[in-house]
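Working through the structure, step by step
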Amino acid sequence: MSTNVAPRDTLDLAPPAVAQGWFASAKNRTLLIGGVALLTLVFLFGGDNWLLILNVTMIAAIATLGLNVLSGYAGQISLGITFFMGIGAYTAAWLGGSPPVFPGDPVGLNLTFLIWLPAAGILAALAGALIGPTALRLRGFYLAIVTLALVFIGLYLFKNARGLTGGPQGRTFPAPGFGDFSFANPTPVFGITLTTNQWYFLLFVVVLGLAALFVHNLIHSRAGRAFEAVRDNEVGAALIGVNRFHAKMGAFIVSSFLAGIAGALWAAYPGGYAEPNTWNLTLAIQFVAAMLVGGVASVWGSILGAAFVFALPLALDTFAIIPVSASTTGLTSGDLSAIFYGLLIIVFLIFEPGGVIGLARRGQTWFQRLEEQRKGGEAAAGTAPTEAGL
Amino acid sequence: MAYFLQLVFAGLAQGCIYALVALGFTIIYKASGVINFAQGEFLLVGAFLASVGTFEWQLNFFVAVAIALLATILLGIAFERFALRRMIGRPVFSIIMVTIGLDILLRTGVVMTGRSNERSPATPYSIASGINYGGVHFGANQLWTIVVTLLICGALYVFFRYTRYGLAMRATALDQEAALALGITVQGVYALAWGIAAAVATIAGIFLAINVTTFDSTLGGIALFAFPAIILGGLDSIPGAVVGGIIIGLIQLLTQGYESHFPSILGTGFDTITPYLIMLIVLLVRPYGLFGTRKVERV
């Protein structure tokens, strides 16, 4: 009967794993081709407004993916992802920023982004490796508070390390580029002229694609299964030979790496300017919200959730969906979307802890069951006359 | 010396506010094992309603405070009944996130009224009034904060020690199943805990708002400093919450007062992280805090 229906996991944070051979299904292939076609259309004809929204969403999705590795797959709470994003961003600024012109300008070595982007991830991962052994001794509420403290300690450090971060006023961040070519000010390449946002779009598609593929493969590896084992039952995981500390540390480091990459891009795009206060608790909570709304322990869920939490306010702003008069009452698109995701966090956690992806899976199972029932009915109807004939 | 005493006095008052917030955390945690990240927004909603009551509805200060208390208590009980009750048995992460969801909703809700910018707090006395003695200014609000905190602590002590509801709450905190078996309405205990926490937070919010002279929707952020307080005092200890709150307040204000003497070492804003640094040290050295039970969630 239901051979390819994965049984719904009863554990709260554990929706069923993605079925193997995703591309084998004709429906999924159609979905993929449709998605690619839609993205290509937006890329070609969407204009700066849509591209900006998509680009910001893609950066946010990278960070959400990182958070999902730690919190979704390995089950360790983190409210501190912006700390690692900040580390990544300032690594990028240090390595890739323009050299100081006047004394007192923040430092910069003017290296290519092929160096500073991976370095942003690596340094953030190193920070994770340093903090992990202390933080991961704690669980649950204690871990939540410690990662929250990390955000505030980070803000203090970023504000005071003036030579690197420019102090409370902030500093400029490097734009990606190759040699003379810069994404912030693109020149035609091989006679093709693309706008800044289009170039960034291509870059972010590649980086997000790599990140998603990496996380997907990691989760379906031995290490990923160890993460999920530790999340579902620590003692059980230890009993079957999983090194809990290694699993947690692995998740923490991978998560910090992705956060660092996302941080470097977040600071570089769109303005290439950020204050230390960018890396605050509210942003960190937005990423947690994105993960919860999209889908805990799901790659697609991370992307969907980021779209919901980060694209919605931008779309509301860009297309002036809120009436103009509302600005006098202080209602901003940020507030409106905060109400939405605040409400959605509560509703999803209570009724569908799997997020949007969980909802989609539930819908899929429901349809399959419906189809089976229909088939069963037809079969029964088909056999009935013969029985009567006999 | 007068400067030092002034800082100690201000630190005590600030610590009393942290103590009130921390009390709310601890009471809810003891009753139901939930940490309420939305506690800070109860401060905001309370202070906001009291301010709207006095200035826009032209009510007497105490009537406005009563309305604010009633509203936050109902809010707390409703949230516990309709959201958290369904989360029993879920992972800590989910429970924390539901309360963060409430936090976002409450704060944004206040912002969306469009009246949250630069609000004057409701106050029965002049903000600047106070007594000068020995070169130290004892602000009226700070004095009242300390007095009211002491009164609340006394009232809570009597409540937990001598009333049947207090006994029911203590029994539930010790062993929920045994309490149920003895006929204690655990749901009632939950509601009571949320009601007390919300009321205490509202009072803290009103004092805090007067203390900062004008407030906006970020007022509730101060409650985050009560986390170090409860860790220092011990997560499941009510006296610990009060002591922890006062110690954190004292240390923070002293750091704030003296950090300008060491700008090259400490930088600016060191006082915003001292509570967290203390908390990290406590977690490493004595994770159960000063008065907590020797049991902590770790591997």
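Definitions and limits used
- Counting starts from 1 at the beginning of each chain's written sequence and moves along it residue by residue.
- Each chain is given a letter, starting from A, and each ligand a number, starting from 1, according to the order in which they appear as written.
- Totals for whole chains, interfaces and linings use every residue, but because this is a predicted model, local features are given only for residues with pLDDT of at least 70 and side-chain atom pairs only at 80 or more, for both listing and counting.
- Processing note: side-chain calculations cover all non-hydrogen atoms of the structure and skip hydrogens and water entirely.
- Segments assigned H or I by DSSP are reported as helices when at least four residues long, segments assigned E as strands when at least two residues long, and all are numbered from the N terminus.
- Each residue is assigned to one of three classes by its accessible area relative to the maximum for its type, calculated with a 1.4 Å probe on protein chains only: buried under 20%, partly exposed between the two thresholds, exposed over 50%.
- Here, residues are in contact when the closest pair of their heavy atoms is within 4.5 Å.
- Using a 1.4 Å probe, accessible areas were evaluated by the Shrake-Rupley method; residue-level cover was limited to the displayed protein chains.
- Just so you know, the count uses Lys and Arg for positive and Asp and Glu for negative, and it drops His and the chain ends.
- Charge positions come from single atoms, namely NZ of Lys, CZ of Arg, CG of Asp or CD of Glu.
- Here, nonpolar core refers to any group of buried Ala, Val, Leu, Ile, Met, Phe, Trp, Tyr and Cys residues whose side-chain atoms link them within 4.5 Å.
- One fewer than the residue count of a helix, multiplied by 1.5 Å, yields its expected span.
- Counting of polar contacts relies on pairs of N or O atoms within 3.5 Å, with two restrictions inside protein: one atom must be capable of donating a hydrogen and the other of accepting it, and residues adjacent in sequence are counted only when both atoms are side-chain atoms.
- Accessible area that two parts lose when put together, evaluated with a 1.4 Å probe and summed over both, is termed the buried area.
- A side-chain nitrogen of Lys or Arg and a carboxyl oxygen of Asp or Glu constitute a salt bridge if their distance falls within 4 Å.
- Amino acid classes used here: Ala, Val, Leu, Ile, Met, Phe, Trp, Tyr, Cys and Pro are nonpolar; Asp, Glu, Lys and Arg are charged; the rest, including Gly, are polar.
- Lines fitted to the C-alpha atoms define the axes, with helices restricted to the stretch that makes contact. Angles between their N-to-C directions range from 0 to 180 degrees.
- Note on terminology: angles under 35 degrees are roughly parallel, angles over 145 are roughly antiparallel, angles of 65 to 115 are roughly perpendicular, and the others are oblique.
- Note on ring pairs: Phe, Tyr and Trp rings are taken, using the six-membered ring of Trp, and paired if centres are within 6.5 Å. Classes follow the plane angle, with under 30 degrees stacked, over 60 edge-to-face and the rest tilted.
- Left-handed describes a crossing whose near helix is turned anticlockwise from the far helix through less than a right angle; right-handed describes the clockwise counterpart.
- By definition, two strands form a pair when at least two bridges between them are found by DSSP.
- Put simply, a patch holds well-exposed residues, over 30% relative accessible area, that have no salt bridge, with like charges counted together within 9 Å and Val, Leu, Ile, Met, Phe, Trp or Tyr side chains within 5 Å.
- Each residue carries a pLDDT score, the predictor's confidence in it, ranging from 0 to 100.

**Things to note about the overall build of chain A**
In terms of helices and strands, chain A carries 14 helices and four strands. Expressed as a percentage of its 390 residues, the buried residues of chain A come to 50%. A separation threshold of at least 6 residues defines the contact pool for chain A, and within that pool the share at least 24 residues apart is 74%. Of the roughly 17900 Å² of accessible surface on chain A, a fraction of 69% belongs to carbon and sulfur atoms.

**Digging into the overall build of chain B**
In terms of helices and strands, chain B carries twelve helices and two strands. The helix and strand sequence of chain B, counted from the amino end, reads α-α-α-α-β-β-α-α-α-α-α-α-α-α. Overall, chain B is about 60 × 50 × 35 Å in size when its C-alpha atoms are taken along their principal axes. Per-residue burial over chain B gives 55% buried out of 299 residues. In chain B, the proportion of contacts linking residues at least 24 apart, taken out of those at least 6 apart, comes to 73%. A total accessible area of about 12800 Å² is found for chain B, and carbon and sulfur atoms account for 67% of it. In chain B, 15 side chains carry a positive charge and 12 a negative one; their mean positions are 11 Å apart.

**Quick word on the nonpolar core**
Core analysis: the largest hydrophobic core is formed by 201 residues, its most contacted members being A:Phe141, B:Phe37 and B:Phe227. With 14 residues, helix α8 (residues 186-211) of chain B is the largest single contributor of residues to this core. By size, the runner-up hydrophobic cluster in this structure holds five residues, among which are A:Tyr156, B:Leu266, B:Phe270 and B:Ile273.

**Section: helix α11 (residues 281-294) of chain A**
All names here are of chain A. The end-to-end C-alpha distance of α11 is 20 Å, a good match for the 20 Å that 14 residues give at a rise of 1.5 Å each. Burial within α11 is extensive, with 13 of its 14 residues counted as buried. At the N-terminal end of α11, a side-chain oxygen is found 3.3 Å from the backbone nitrogen of Thr282, two or three residues along, and the residue is Asn280. Taken from the residues just after α11, Gly295 is the one with a positive phi, measuring 160°.

**Points about the interface of chain A and chain B**
Facing 45 residues of chain A, the contacting portion of chain B comprises 47 residues. Together, A:Phe141, A:Tyr142 and A:Tyr156 form the three largest contributors to the area buried by chain A at its contact with chain B, with a combined 18%. One can count zero salt bridges joining chain A with chain B. Put simply, chain A and chain B have three residue pairs in polar contact (both at pLDDT 80 or more) between them. Going through the elements one at a time, α5 (140-160), α10 (244-268), α11 and α13 (333-351) of chain A are the ones with two or more residues in the side of chain A that touches chain B. Across the side of chain A that touches chain B, the residue classes break down as 31 nonpolar, seven polar and seven charged.

**Considering the packing of helix α7 (residues 196-219) of chain A against α10(A)**
In a packed pair of helices, the relevant descriptors are the angle between the two axes and the axis-to-axis distance. All names here are of chain A. In contact at an axis separation of 12 Å, α7 and α10 are set at 170° when each is read in the N-to-C sense. Classified by the interaxial angle, the pair formed by α7 and α10 is roughly antiparallel. Contact with α7, carried on its side by Tyr200, Leu203, Phe204, Val207, Ala211, Phe214, Val215 and Leu218, involves Val254, Leu258, Ile261, Leu265 and Ala268 of α10 and no other residues of that element. Here the contact of α7 with α10 is built from residues that sort into 13 nonpolar, no polar and no charged.

**Observations regarding the packing of aromatic side chains**
The way to describe two aromatic rings as a pair is by their centre distance and the angle between their planes. Under the definition given, this model contains 32 aromatic pairs over all chains. With a centroid separation of 6.3 Å and 75° between ring planes, the pair formed by A:Phe141 and B:Phe37 is classed as edge-to-face. With A:Phe141 in helix α5 and B:Phe37 in the loop between α1 (2-32) and α2 (39-55), this pair bridges two chains. Ring geometry for B:Phe9 against B:Phe138: centres 4.7 Å apart, planes inclined by 75°, an arrangement best described as edge-to-face. With B:Phe9 in helix α1 and B:Phe138 in strand β2 (residues 136-139), this pair connects stretches of sequence that are 129 residues apart. A residue is classified by how much of its surface remains accessible, and B:Phe9, at 7% relative accessible area, is buried. Take B:Phe138: its relative accessible area is 23%, and that puts it in the partly exposed class.

**Some words on unusual backbone geometry**
What is expected of a backbone is that most residues other than glycine have negative phi and most peptide bonds are trans. Residues and elements named next belong to chain A. The omega torsion across Tyr269 and Pro270 is -5°, close enough to zero to call that bond cis. Here Pro270 lies in the loop between α10 and β4 (273-274). The phi dihedral of Ala297 falls on the positive side, at around 60°, and the residue is not glycine. Following the sequence through the fold, Ala297 ends up in the loop between α11 and α12 (299-318). Take Ala297: its relative accessible area is 10%, and that puts it in the buried class.

**Comments concerning the packing of helix α9 (residues 226-233) of chain B against helix α10 (residues 238-258) of chain B**
Residues and elements named next belong to chain B. At a minimum axis separation of 7 Å, α9 and α10 run at an interaxial angle of 125°. When the interaxial angle is binned, α9 and α10 end up oblique. As for the relative orientation of α9 and α10, their crossing is right-handed in sense. When α9 is examined against α10, the residues Pro228, Ala229, Ile230, Leu232 and Gly233 are found in contact with a partner set consisting of Gly240, Ala241, Gly244, Gly245, Ile247 and Ile248.

**Remarks on the pairing of strand β1 (residues 130-133) of chain B**
Of the strand pairs in this sheet, β1(B) and β2(B) are connected by four bridges, and their pairing is antiparallel. Residue pairing across strands places B:Ile131 opposite B:Phe138, the latter belonging to β2(B).

**Points about the side chain of B:Arg119**
Residue and element names in this part refer to chain B. Relative to the elements of secondary structure, Arg119 occurs in the loop between α4 (92-112) and β1. Of the residues examined, Arg119 reaches a relative accessible area of 7% and is grouped as buried. At a separation of 3.1 Å, a polar atom in the side chain of Arg119 contacts the side chain of Glu56. Residues in contact with Arg119, not counting those within four places in the same chain, are Phe48, Ser51, Val52, Phe55, Glu56, Thr213, Thr214 and Phe215.

**Let's talk about a nonpolar patch on the surface**
Residues and elements named next belong to chain A. A cluster of nonpolar side chains, namely Trp94, Val107, Leu109, Leu111, Ile115, Ile122, Leu123 and Leu126, defines an oily patch on the protein surface of about 660 Å² accessible area. The biggest single contributor to the nonpolar patch is helix α4 (residues 113-135), with four residues. As for its position among the elements, Leu111 is in the loop between α3 (81-96) and α4.

**Quick word on the environment of B:Gln6**
The residue B:Gln6 is located in helix α1 in this model. Spatially, the C-alpha atom of B:Gln6 lies 7.9 Å from that of B:Phe138, the residues being 132 residues apart in sequence.

**Thoughts on the confidence of the model for chain B**
Residues and elements named next belong to chain B. Counting all residues, the mean pLDDT for chain B is 89, and 98% of those residues have values of 70 or more. Least confident of the elements in chain B is helix α11 (residues 263-266), whose mean pLDDT is 74; most confident is helix α3 (residues 61-82), at 94. If you check the scores for this complex, the pTM reads 0.88 and the ipTM reads 0.89.

**What about the confidence of the model for chain A?**
Residue and element names in this part refer to chain A. Residues of chain A with pLDDT of at least 70 account for 87%, and the chain-wide mean is 83. Mean pLDDT values over the elements of chain A span from 73, in helix α14 (residues 355-389), up to 94, in α10. Every residue in residues 384-390 is under pLDDT 50, and counting partners more than four places away or in other chains gives zero contacts.

**As for the pattern of salt bridges**
Inspection of the entire model under this criterion finds eleven salt bridges over all chains. In this structure, A:Arg139 engages A:Glu234 in a salt bridge whose closest nitrogen and oxygen atoms are separated by 3.4 Å. Note that A:Arg139 is positioned in the loop between α4 and α5 and A:Glu234 in helix α9 (residues 234-239), a separation of 95 residues in sequence. B:Arg85 is the partner of B:Glu80 in a salt bridge, and the nearest nitrogen-oxygen pair spans 2.9 Å. Exposure class is identical for B:Glu80 and B:Arg85. Each is buried.

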